[in-house]
Each structure stands twice: as C-alpha cells, then as structure tokens.
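An overview of the molecular structure
One-letter residues, chain by chain:
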Amino acid sequence: MRAGTVAHTERAALVGLIAGRARRLEAERSLDELAGLAQAAGARVVLRVLQERPKPDPSTFLGSGKIATLAASCAETDADLVIFDNELTPAQLKHIEEEVGRKIIDRTQLILDIFARRARTREGKLQVELAQLKYLLPRLVGAGDALSRLGGGIGTRGPGETKLETDRRRIRTRIHVVSDDIEQVRRRRGQLRERRHKASVPTVALVGYTNAGKTTLFNVMTQSKAEVSDALFVTLDPIVRQVRLPDSRELLVSDTVGFIDRLPHALVAAFRATLEEVADADLILHVIDAAAPDRDRRMTAVQQVMEEVGASDVPLIEVYNKCDQLTPDERRRLQDFDPAALCISALHDDGVDELVETVASRLALDVRRMTFTFDPDDAADRDRIARLYRHARVLVHEARDGRVSIVADVPRRLVNRVQPATDVNSS
Ligand SMILES: Nc1nc2c(ncn2[C@@H]2O[C@H](COP(=O)(O)OP(=O)(O)OP(=O)(O)O)[C@@H](O)[C@H]2O)c(=O)[nH]1
Ligand SMILES: [Mg+2]
C-alpha cells in the first residue's frame, strides 16, 4: 500500500476443489471457512468457485479451460485477488498469475497474513515473520520478482505494518537473524516455565479450534478482559493468569493461539516457543464449539496439531462450549455419545464452576496423602505450612503440645519438595 492512501477493502474471489461427489459438503464448508479467513484479513468476498476434479492440475490447478473462465469471472466481479483454498506450488502460482492477471494467494499465505495483522508482541511478530519468510523463499526462486508484481495488500504484509522482504538474499539473512532472536525468546520462556515449576503452581492450557470460545472461557475463569471477537485468530500471544480454586489452592490458566484445519506447517514450526507452553502444561482443556456443524473435523484438526507440538501425552479434558446454541435434542445426543461430556456456555457463565471443580479434582487425583509435623515457632516451617495450604489439599490441621500436625493430599510432583514426616498411604 502506498503511503498516504486510504486502505481499500480488497475484493476477493475464492477457489476450492471438490475431489469426488461425496466430498461436496466438505468442500463447501472448507470454502465457508476460507471466506471467514478472507474477512479476517480484511477482504470482501465477491466470487466463490468450486470446481470438481479428482486432483489438481499440476500446472494451473483448475485446468486451462477453467482458468480462462476464472479470469473472465474475476473481470466481471472486479476482483482484486484470487484466494485458493489449497496450498499452491511455486509453478502453479506463477502460471495462474499469468493467466488470470490478478494477485493470487493460497490458503497458507492468507493465514500467515492474518497472523501478521494480529501480531502484537515482539515474540509474536518474530514468529510470524519467520513463518512468512520460510514460506516465501522457495516461491521466489525461479519466479523472478513475482511478489513485487503483487503490489500491496493481503499476502505482502509483514508483521506490524512492515512490507515483506522480497529479495532472496536478504530473506536468507533475515531468516537467520529472526531465528536467533526466537531462540533467545524460547530460552527465556523456558526459564520462566522452570521458575513456575519451582513455585509448583499447576498450569492448565486452553486449546481449541479458532473461534471455539477459548478466550471467553479464559476471561470467565480468570476474571480477565482479554480480547474476544467472532473473527478468526483473534488471540495470538499466549497469556497466563492465576485462578484461585474453591479450596484456596492456585493454578495458572493459559490462553493461546487457536488451531485450524491444515494449519500451515511453517506456522506451527515458527510458533514452537508459544506452543511449548501447551506441551508443558499439567492439564489441557480442549475447548470445542459444540454447535459447529463440522465439530468432529475440527476436533480432529486440533488433535493433529497437538501431536505435532508434542502435547498428546498431556492429560486432557474435552469441554463442549456454546451449549446454549444446542437444541435440547442435540444436547441429549451429545450426552449419550459422551456421558462425561462437560457442556458449558462460557458466554453465559453456565457450567464454568463445575468445570473448575472438575479441573481441581482432576489435578488432585494425582496426589499422595501425607502427614507432616511442624514447629510453628520456626519461620521456615511456617513457610512450609503456607505452601501446603497453597498447593496441597489440607485434610487435618491439629495443634498440640507446641507442634502442628497436618494431613494433606500433596500433588505427586511436589512430594519430593515438601518435607515429609510419615506417609499415611499412597493413592
Ligand atoms: N453462543 C455462544 N457464543 C460464545 C460462547 N463462548 C464464546 N462465544 C462467542 O464465540 C466467539 C469467539 O469467542 P472467542 O473467545 O474470541 O474465541 P477464541 O477461541 O478465543 O478464538 P480465537 O482467539 O480467535 O482463536 C465470540 O463471538 C464469542 O462471543 C458461548 O458459550 N456461547
Ligand atoms: Mg482467543
């Protein structure tokens, strides 16, 4: 975009592929999602094209005849850019651009563009820029100055109002610089996590498909005011807040970037620092939009990203959100399918207390019952008593003959860090 010009809303044509008749519904939902993404990037959708083909044409994706039709429709609807629902090869990108004569981007570039627009913190910006550069580099090789022909707007924006670097040599240098910076951030995050571990406060990570209501739930649980919106990928940078449980123990809840079907690999790799928060949590809450028509597909997409970031071993609770949007019938079906399903409405603060109870008992399950004797006149012992109250569940507290004896359920991973007297039993 030229300096001084008013940002104009780009007019977007969307193109998707139907691979076989049975896949029509799937392709349509995917295109709906692409429309949501295009809106989140600030575009207006003026044309939708769904083409049935067993597999993409290696040169023009749609085949030469359909590409000519697409070019004509774009002229008719005055589209500024065409967004393909699939990832395009560098060669396809080049050919289609020549045929259609408009800016062409694919789903991955669109997602990266949204992330670039949303990045606020230094860490977020670095991660997005790295993903963009890595995606761009092979697409410039052989394509000459393809990107400079794109002009401005969606697909050419770096994080924080910058314009993406398009010079191959400079991109390589920049990738090195950014990777080093990210590594530093990652180490720093690691140290912070280490400190939290030492303080022994358990961490619960909210994960889920974008727009599932993670931040809404986060705000209710932690009484915060983080940004909530119906747009996709509103949250980018992880945020961590404290929650006090009914039994006065504490835990930390983290909210982070949402996932999506076919989340670009470059993005997952670049967001490693952020996603390590999830892999390192004591418990994951998978927030599900219970009312989404393609709920199962979204759940699978989330599970795939979790595997990719090494979080599949972390204990997990599935939380069905937006249950206010279910009919009584749908609610019943969900409960038949999964009797233990937690149905909540974060928006209406409905079921959230039960969820917190479930989290508390789930974290408490992994405990060992221990008995302690303390000297209340000793400052260090008084600290230990306070720590027990914060992190363990105290069952008995008895003061007798100048001693304090306490029976408590201690989280297993803390057992070595509190001074034990006698084990009553192990659970
Ligand atoms: N009806 C209904 N809407 C909800 C509920 N929870 C959240 N929403 C709405 O869903 C939309 C997305 O909510 P967010 O909390 O921003 O979702 P998110 O998962 O954090 O999304 P991203 O950060 O963009 O990935 C907003 O418009 C919320 O008001 C709910 O329980 N019921
Ligand atoms: Mg959010």
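Numbers given for residues are sequential positions, taken from 1 along each chain in its written order. In the order they appear in the text, chains get letters beginning with A and ligands get numbers beginning with 1. In keeping with the model being predicted, local features are shown solely for residues with a pLDDT of at least 70 and side-chain atom pairs are shown and tallied solely at 80 or more, while totals for entire chains, interfaces and linings include all residues. Note that water and hydrogens are dropped before the side-chain values are worked out from all heavy atoms of the structure.

**Section: the pattern of salt bridges**
Pairing between side chains of opposite charge can happen when their charged atoms approach one another. Here a salt bridge means any side-chain nitrogen of Lys or Arg lying within 4 Å of a carboxyl oxygen belonging to Asp or Glu. With the rule as written, the count across this model stands at 25 salt bridges. For Arg189, the salt bridge goes to Glu123, with nearest N and O atoms at 2.9 Å. With Arg189 in helix 7 (residues 168–199) and Glu123 in helix 5 (residues 122–140), this pair connects stretches of sequence that are 66 residues apart. Residue Arg189 is classed as buried on the basis of its relative accessible area of 16%. Ionic pairing is found between Asp261 and Arg297, a salt bridge with its closest N-O pair at 2.7 Å. To qualify as a helix, a DSSP run of H or I must reach at least 4 residues; to qualify as a strand, a run of E must reach at least 2; elements of each kind are numbered from the N terminus. A simple rule labels every residue: compare its accessible area, found with a 1.4 Å probe on the protein chains alone, to the largest value its type can have, and call it buried under 20%, exposed over 50%, or partly exposed in between.

**Things to note about the pairing of strand 8 (residues 283–289)**
Among the seven residues in strand 8, seven count as buried, and that is most of the element. By the alternation rule, side chains of strand 8 split into Leu283, Leu285, Val287 and Asp289 and Ile284, His286 and Ile288, which are all buried. Strand pairing requires that DSSP identify at least two bridges connecting the strands. Pairing of strand 5 (residues 203–208) with strand 8 involves five bridges; the strand directions are parallel. Pairing of Val204 across the sheet is with Leu283, part of strand 8. Bridge count between strand 8 and strand 9 (residues 316–321): six bridges; the pairing is parallel.

**A closer look at unusual backbone geometry**
Unusually for a residue other than glycine, Phe233 sits at a positive phi of about 55 degrees. Looking at the element boundaries, Phe233 is found in the loop between helix 8 (214–222) and strand 6 (239–244). Non-glycine residue Lys322 carries a positive phi angle of around 60 degrees. Looking at the secondary structure, you find Lys322 in the loop between strand 9 and helix 12 (328–337).

**Regarding the site of ligand 1**
Working definition: residue near molecule or strand if any one of its non-hydrogen atoms lies within 4 Å of it. Lining the immediate environment of ligand 1, one finds 23 residues, of which Lys214, Thr215, Thr216, Val234 and Asp324 sit closest. Within the side chain of Lys214, an N or O atom sits 2.6 Å from an oxygen atom of ligand 1. Distance and chemistry together define a polar contact, namely a pair of N or O atoms within 3.5 Å, with one atom able to donate a hydrogen and the other to accept it when in protein, and with adjacent residues in sequence counting only for side-chain atoms on both sides. Note that an oxygen atom of ligand 1 is positioned 3.1 Å from one of the side-chain N or O atoms of Lys322. The element contributing the most residues to the shell around ligand 1 is helix 8, with three residues. Residue classes follow a fixed rule: Ala, Val, Leu, Ile, Met, Phe, Trp, Tyr, Cys and Pro count as nonpolar, while Asp, Glu, Lys and Arg count as charged, and any other residue, Gly among them, counts as polar. Counted by class, the shell around ligand 1 contains eight nonpolar, 11 polar and four charged residues.

**Description of the packing of helix 4 (residues 107–118) against helix 5**
Their axes nearest at 9 Å, the elements helix 4 and helix 5 cross at an angle of 155 degrees. With respect to each other, helix 4 and helix 5 are oriented roughly antiparallel. Between helix 4 and helix 5 lies a crossing of left-handed hand. Across the interface between the two elements, Thr108, Gln109, Leu112, Asp113, Phe115 and Ala116 from helix 4 touch Val128, Ala131, Gln132, Tyr135 and Leu136 from helix 5. Residue composition of the contact of helix 4 with helix 5, by class: seven nonpolar, three polar and one charged. Axis lines are fitted through C-alpha atoms, for helices just across the contact stretch, and the angle between N-to-C directions can take any value from 0 to 180 degrees. An angle below 35 degrees is treated as roughly parallel, one above 145 as roughly antiparallel, one from 65 to 115 as roughly perpendicular, and anything else as oblique. A clockwise turn of the near helix away from the far one marks a right-handed crossing, whereas an anticlockwise turn of less than a right angle marks a left-handed crossing. We call two residues contacting when some pair of their heavy atoms lies within 4.5 Å.

**What to know about the coordination of the magnesium ion (ligand 2)**
For the magnesium ion (ligand 2), every protein donor is listed as Thr215 (OG1) and Thr235 (OG1), and the spread of their distances is 1.9 to 2.1 Å. Of this pair, Thr215 sits in helix 8 while Thr235 sits in the loop between helix 8 and strand 6, and the two are 20 residues apart along the sequence. Counted as donors are N, O and S atoms no farther than 2.8 Å from the metal, or 3.2 Å for Na, K and Ca; water is not among the atoms, and sites may therefore look incomplete.

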